[in-house]
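Residue-level listing of the chains:
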Amino acid sequence: MYHDIAEVLIQEIEAGLFPEKLPTEAQLRARFQVSRDTIHKAIELITQKGLVRRIQGSGYFINHINVAEKTVVNLSLGYTTKRKKLTSKIITFDKITADASLTERYNVALNTPLTRIVRLRYLNDELYNLETAYYVDVVVPFISNEAATDSIFEFIRKAYGIYATSSDQYLAQEKLTATEAELLHKTTTEQQLTLYQTNYYGNQAYNLARTIFVYPDLNLYFHITNKMDK
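Residues numbered from 1 in each chain as written. Predicted model: local features only at pLDDT ≥ 70, side-chain atom pairs only at ≥ 80, totals over all residues. Heavy atoms only, no water.

K.L.:
Before we go on, may I ask you to explain the overall build of the protein chain in this structure?
P.N.:
Across its full length, the protein chain holds 7 helices and 10 strands. Expressed as lengths along the three principal axes of its C-alpha atoms, the size of the protein chain is roughly 55 × 40 × 40 Å. Look at the contacts in the protein chain between residues 6 or more apart in sequence, and 60% of them connect residues 24 or more apart. Charge separation in the protein chain, taken as the distance between the mean sites of 26 positive and 26 negative side-chain charges, equals 5 Å. (Helix = DSSP H or I, 4+ residues; strand = E, 2+ residues; numbered from the N terminus. Contact = heavy atoms within 4.5 Å. Lys, Arg positive; Asp, Glu negative; His and termini not counted. Charge placed at Lys NZ, Arg CZ, Asp CG, Glu CD.)

K.L.:
Would you mind showing me how to read the sheet that holds strand β9 (residues 204-213) here?
P.N.:
Strand order in the open sheet formed by 6 strands is β4-β5-β6-β9-β8-β7, with antiparallel pairing between adjacent strands. With one partner strand each, in any of the chains shown, β4 (86-97) and β7 (166-175) form the two edges of the open sheet. This sheet shows a mean twist of 15° between the axes of neighbouring strands, independent of strand direction. The sheet contact formed by strand β6 (residues 126-136) and β9 spans 7 bridges and is antiparallel. Directly across from Thr132, in β9, lies its bridge partner Arg210. (Pairing = 2+ DSSP bridges. Axes fitted to C-alpha atoms, helices over the stretch in contact; angles between N-to-C directions.)

K.L.:
Which parts of the structure should I look at to understand unusual backbone geometry?
P.N.:
Across residues other than glycine, the phi torsion is negative in most instances, and most of the peptide bonds are trans. Even without a glycine there, the phi angle at Asn111 is positive, about 70°. Its location among the elements puts Asn111 in the loop between α4 (100-105) and β5 (113-123). Residue Asn124 is not a glycine yet carries a positive backbone phi of 55°. Along the chain, the position of Asn124 falls in the loop between β5 and β6.

K.L.:
What exactly am I supposed to notice about the side chain of Arg119 here?
P.N.:
Following the sequence through the fold, Arg119 ends up in strand β5. Side-chain polar atoms of Arg119 contact the backbone oxygen of Ala148, separated by 2.9 Å. One polar contact links the side chain of Arg119 to the main-chain carbonyl oxygen of Asp150, over a distance of 3.0 Å. Once residues within four sequence positions are removed from consideration, Arg119 is found in contact with Ser88, Lys89, Ile90, Ile91, Asn129, Leu130, Glu131, Ala147, Ala148, Thr149, Asp150 and Ile152. (Polar contact = N/O pair within 3.5 Å; in protein donor to acceptor, adjacent residues only side chain to side chain.)

K.L.:
What is the right way to look at the packing of helix α1 (residues 2-14) against helix α3 (residues 36-48) in this model?
P.N.:
Packed helices, taken two at a time, are described by the angle between their axes plus the distance between the axes. For the pair α1 and α3, the least separation of the axes is 8 Å and the interaxial angle reads 50°. Accordingly, the angle class assigned to the pair α1 and α3 is oblique. Judged by the twist between their axes, the crossing of α1 over α3 is right-handed. Residues Tyr2, His3, Ile5, Ala6, Leu9, Ile10 and Ile13 of α1 form the contact with α3, whose own contacting residues are Thr38, Ile39, Lys41, Ala42, Leu45 and Ile46. Residue composition of the contact of α1 with α3, by class: 10 nonpolar, 2 polar and 1 charged. (Parallel < 35°, antiparallel > 145°, perpendicular 65-115°, else oblique. Left-handed = near helix turned anticlockwise from the far one by under 90°. Nonpolar A, V, L, I, M, F, W, Y, C, P; charged D, E, K, R; others polar.)

K.L.:
Got a minute to help me understand the pattern of salt bridges in this structure?
P.N.:
Note on pairing: side chains with opposite charge can pair once their charged atoms come close. One pass over the structure, following the stated rule, counts 9 salt bridges. Salt-bridge contacts for Arg31 lead to Glu12; the nearest nitrogen and oxygen are separated by 2.5 Å. Placement of Arg31 in helix α2 (residues 25-32) and of Glu12 in helix α1 is noted, with a sequence separation of 19 residues between them. A salt bridge links Lys158 to Glu154; the shortest N-O distance between them is 3.4 Å. Here Lys158 pairs with Glu154, and both are found in helix α6 (residues 152-160), just 4 residues apart, close to one helical turn. With relative accessibility at 19%, the residue Glu154 sits in the buried group. In this structure, a network of salt bridges that share partners links the residues Glu174, Glu180 and Arg210. (Salt bridge = Lys/Arg side-chain N within 4 Å of Asp/Glu carboxyl O. Buried < 20%, exposed > 50% of the residue type's maximum accessible area, 1.4 Å probe, protein only.)

Set out below in structure tokens:
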């Protein structure tokens with residue numbers, strides 16, 4: 001429940017509905033008709049993603065980091081919903097098993113059955129990235145064709161109740177393979193910003209992805225929360 005509330009509030013923050021601060025916890029409890037603990041968990045999740053900060057005695061204030069701008073990717077949010085109005089072109093949609101290269105790069109056992117989806121993504125009709133994603137079949141046994149061209153994570157959340165509780169992310173500048181260069185209209189001598197990502201639900205890795213970003217003037221944002229024992 002609190003994840004759904006957090007998702008609603010995140011979308012409203014990105015839409016600019018709260019120019020300065022969130023409504024009070026009491027107002028949010030009344031709005032969503034839930035307990036204080038549920039609202040507190042929802043706000044804590046939003047705080048962990050760097051969208052708000054708490055000022056003792058004053059409430060939760062919006063962090064104005066321009067995460068809604070098209071050239072900013074907030075890695076703390078993950079790719080759980082349609083953060084940006086992206087369209088997709090499916091290149092590959094099939095079933096494979098994890099080979100040695102996947103087990104070396106990601107936290108997945110050799111020969112694990114996977115669904116592989118490779119797609120080009122566009123923002124305002126301009127090429128945004130090339131995404132090669134793998135979904136662990138034992139956790140996500142089916143992905144619809146419609147979801148593959150839209151928001152896969154939204155489909156997984158609604159169909160299976162699964163969402164990313166944690167994520168490993170690794171950024172690199174890498175040269176493209178010949179196939180990638182052709183798809184992205186680049187050359188194999190150019191280096192591109194590449195994100196490797198493993199998403200977990202609890203202790204179970206359910207999504208592995210390699211995303212090559214080519215959108216111009218792209219900026220990345222990541223929020224880290226360090227909790228200290230009192």
